[in-house]
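One letter stands for each residue in the lines below.
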2 protein chains.
Amino acid sequence: MDTLHQKLNFFSEPAFREALMEYGKLVTLKKGDVVVKEGQYVKFLPIVLSGSIRVYQQKEEREILLYYVRAQETCTMSLAAAYFNNKSSSHGIAVEDTELLIIPADRIPVWQREFLSWNRYVVQMFRSRYDELINSFQKMAFDHIPDRVWEYLTHTVTQTGNRVIAISHQQLAHELGTTRVVISRILKQLEKEKKLRLSRGAIHLS
Amino acid sequence: MDTLHQKLNFFSEPAFREALMEYGKLVTLKKGDVVVKEGQYVKFLPIVLSGSIRVYQQKEEREILLYYVRAQETCTMSLAAAYFNNKSSSHGIAVEDTELLIIPADRIPVWQREFLSWNRYVVQMFRSRYDELINSFQKMAFDHIPDRVWEYLTHTVTQTGNRVIAISHQQLAHELGTTRVVISRILKQLEKEKKLRLSRGAIHLS
DNA sequence: GGACAACGGTATCAAAAGATACAGAGGTGA
DNA sequence: TCACCTCTGTATCTTTTGATACCGTTGTCC
């Protein structure tokens, strides 16, 4: 088991790591636990140490996946909301067992000015979230669903290092913003092309 | 003609306005002038005082509109690039005559820590750009093109306060990421429904 | 006036994706 | 074992959107 101090050394400034240890509180979440709900004030900013959190918005029955917060990342939606003391406009749910360091909201503006590490970290996070979103946007706009499905699958395999993806067609449809029937159709086609094998609740890439 | 000082008083901190006046340089652009090109290093951060700049990305023949930088706003893409001394991944072009205050890139991390006004401004800008993009994303994903066209038109009318919109079908198609024929079809339909009148190069809302 | 380019109208065809419906397979718990 | 729920396969039909092609109009520049 790594110590907290070790887990934080992706921040280069020692003084800043000290501050994180002093003000941060370690929290452990079980898969499915809710981190934030829409409408709640954001009093603590989470930094993920291990595991991952799914952040999404809900508008009139529709769900929009914004991003996953993974190890060493933070949630920019929470950050912005906390900074201005606004309510959250998103939901966050742990998709697996997750360790968080939570930071009191009032530290944000202080550290923002005090620590270069933090400042760079924040700008970097905003930037990469924005880039991610542009990317999804572009795919949504220009790529056909079969391509997006295939990309999702290969991407997941490289991420997890496992050629077996445990997901139902329904969930996958949800991730890509379409319907189950469409996904089943496409997956079946991919199976015919020998690119994968289907089984109940799982997809095996070839 | 407003003085520069007056134009900057959307920043509340007087000391910060002083810094802006000291380090910033006023630049005037003509419609069509290029502000940044993809691949260029970003040495100056623009803050728009009047007019507007269109920021977009170009990927394999496709164009993605990111946002317009309008009065009192800055370009978050430039900000992030400048902060990390990266090349720009976007293009920026003045869509009308535009006044800019340009700030040397090295001021950004300094002011970030020195002035609360600036700090809040930056976070606020990141947040609203992100929200905008989520919004477009959502519309792109769930709304049909006719609805998006109509929304674009009414939105533009309220923005400009003018019921006449000077835009060609081709341009409009471009804005919404579709083709001219589709737009012509839809506009004709809206005209039949008496919601607007068409003329060459312009659309008159009823 | 004539050449030319941008703009707009419309028809036809094809592809992509969504909606709906129904059936069967697998797993679980009483 | 039976009831029940989730997951998957598949067929049919419709809607939406894109692609292409062709033509007339308008405005501009020599």
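Residues numbered from 1 in each chain as written. Chains lettered and ligands numbered in written order. Predicted model: local features only at pLDDT ≥ 70, side-chain atom pairs only at ≥ 80, totals over all residues. Heavy atoms only, no water.

**Q** What exactly am I supposed to notice about the relation of the copies chain B and chain A here?
**A** Put simply, the two copies of the chain differ by a rotation about an axis and a shift along that axis. Superposition record for chain B on chain A: RMSD 0.1 Å, screw rotation 180 degrees, translation along axis 0.0 Å. With respect to symmetry, the two chain copies, as superposed, fit the operation of a two-fold axis. Proximity to the rotation axis, assessed at the C-alpha, singles out Arg113(B) in chain B; its C-alpha lies 2.0 Å from the axis. When you check the interface residues of chain B against chain A, 100% turn up at the interface there too, and the contact is symmetric in its surfaces. (Least-squares fit on C-alpha atoms with pLDDT ≥ 70 in both. Contact = heavy atoms within 4.5 Å.)

**Q** Got a minute to help me understand the protein's contact with DNA strand D in this structure?
**A** Near DNA strand D you find 20 residues, and of these His169(A), Arg200(A), Gly201(A), Ile145(B) and Thr178(B) are the closest. Close to the protein, within 4 Å, the atoms of DNA strand D are drawn from sugar and phosphate at a rate of 51%. Within the contact set of DNA strand D, a phosphate oxygen lies 2.8 Å away from a backbone nitrogen or oxygen of His169(A). Taking Arg180(A), its side chain carries an N or O atom lying 2.9 Å from a base oxygen of DNA strand D. When contributions to the surface near DNA strand D are tallied by element, the ones reaching two or more residues are helix 8 (180-192) and strand 9 (196-199) of chain A together with helix 6 (145-160) and helix 8 (180-192) of chain B. Each residue belonging to the surface near DNA strand D can be placed in one class, and the counts come to six nonpolar, eight polar and six charged. (Near = heavy atom within 4 Å. Polar contact = N/O pair within 3.5 Å; in protein donor to acceptor, adjacent residues only side chain to side chain. Helix = DSSP H or I, 4+ residues; strand = E, 2+ residues; numbered from the N terminus. Nonpolar A, V, L, I, M, F, W, Y, C, P; charged D, E, K, R; others polar.)

**Q** What should I look at first to understand the packing of aromatic side chains in this one?
**A** Residues and elements named next belong to chain A. Within the structure shown, the criterion is met by 28 aromatic pairs over all chains. Ring centres 5.4 Å apart and planes at 90 degrees place the aromatic pair phenylalanine 16 and tryptophan 111 in the edge-to-face group. Of this pair, phenylalanine 16 sits in helix 2 (residues 14-23) while tryptophan 111 sits in helix 4 (residues 107-114), placing them 95 residues apart in sequence. By the burial criterion, phenylalanine 16 is buried, and tryptophan 111 matches it. With a centroid separation of 5.6 Å and 40 degrees between ring planes, the pair formed by tryptophan 118 and tyrosine 121 is classed as tilted. In this pair, tryptophan 118 and tyrosine 121 both sit in helix 5 (residues 116-142), three residues apart, roughly one turn of the helix. For tryptophan 118, a relative accessible area of 0% translates into the label buried. On the basis of relative accessible area, tyrosine 121 is assigned to the buried category, the value being 11%. Counting every residue linked through ring pairs, the aromatic cluster contains Phe10, Phe11, Phe16, Tyr23, Trp111, Phe115, Trp118 and Tyr121. In this arrangement the basic side chain of arginine 129 is found over the ring face of tyrosine 67, its NZ or CZ atom lying 4.1 Å from the centre. Against the face of tryptophan 150 rests lysine 195, its NZ or CZ located 5.5 Å from the ring centre. (Phe/Tyr/Trp six-rings, centres within 6.5 Å; stacked < 30°, edge-to-face > 60°. Buried < 20%, exposed > 50% of the residue type's maximum accessible area, 1.4 Å probe, protein only. Lys NZ or Arg CZ within 6 Å of the ring centre and 35° of its normal.)

**Q** I keep staring at the sheet that holds strand 7 (residues 98-104) of chain A and nothing clicks. Help me out?
**A** All names here are of chain A. Strand order across the open sheet formed by three strands is 1-7-3, with antiparallel pairing between neighbours. Edge strands, defined here as strands with exactly one partner in the open sheet, are strand 1 (25-29) and strand 3 (44-50). Pairwise comparison of adjacent strand axes, ignoring direction, gives a mean angle of 35 degrees for this sheet. The sheet contacts of helix 2 involve strand 1, strand 3 and strand 7, and relative to strand 7 the element is tilted by about 95 degrees. (Pairing = 2+ DSSP bridges. Axes fitted to C-alpha atoms, helices over the stretch in contact; angles between N-to-C directions.)

**Q** I keep staring at the interface of chain B and chain A and nothing clicks. Help me out?
**A** As a measure of interface size, the accessible area lost when the parts come together is often cited. Contacts between the two partners involve 35 residues from chain B and, on the opposite side, 35 residues from chain A. Roughly 3900 Å² of surface becomes buried between chain B and chain A when both sides are summed, with 68% attributable to carbon and sulfur atoms. Ranking the residues of chain B by area buried against chain A places Arg113(B), Tyr130(B) and Phe137(B) at the top, with a combined share of 20%. Summed over the shared surface of chain B and chain A, the number is zero salt bridges. Our enumeration of links across chain B and chain A arrives at nine residue pairs in polar contact (both at pLDDT 80 or more). Breaking the side of chain B that touches chain A down by element, the ones donating at least two residues are strand 4 (53-59), strand 5 (62-69), helix 3 (76-83), helix 4 (107-114) and helix 5 (116-142) of chain B. (Buried area = accessible area lost by both parts, 1.4 Å probe. Salt bridge = Lys/Arg side-chain N within 4 Å of Asp/Glu carboxyl O.)

**Q** Would you take a moment to explain the packing of helix 6 (residues 145-160) of chain A against helix 7 (residues 169-176) of chain A for this structure?
**A** Helix-helix packing: each pair is described by the crossing angle between the helix axes and the interaxial distance. All names here are of chain A. Viewed as axis vectors pointing N to C, helix 6 and helix 7 meet at an angle of 105 degrees, and their least axial separation amounts to 11 Å. Compared by their axis directions, helix 6 and helix 7 come out roughly perpendicular. Each of Arg148, Val149, Tyr152 and Leu153 in helix 6 lies in contact with helix 7, whose residues at this interface are Leu172, Glu175 and Leu176. The class makeup of the residues in the contact of helix 6 with helix 7 is five nonpolar, no polar and two charged. (Parallel < 35°, antiparallel > 145°, perpendicular 65-115°, else oblique.)

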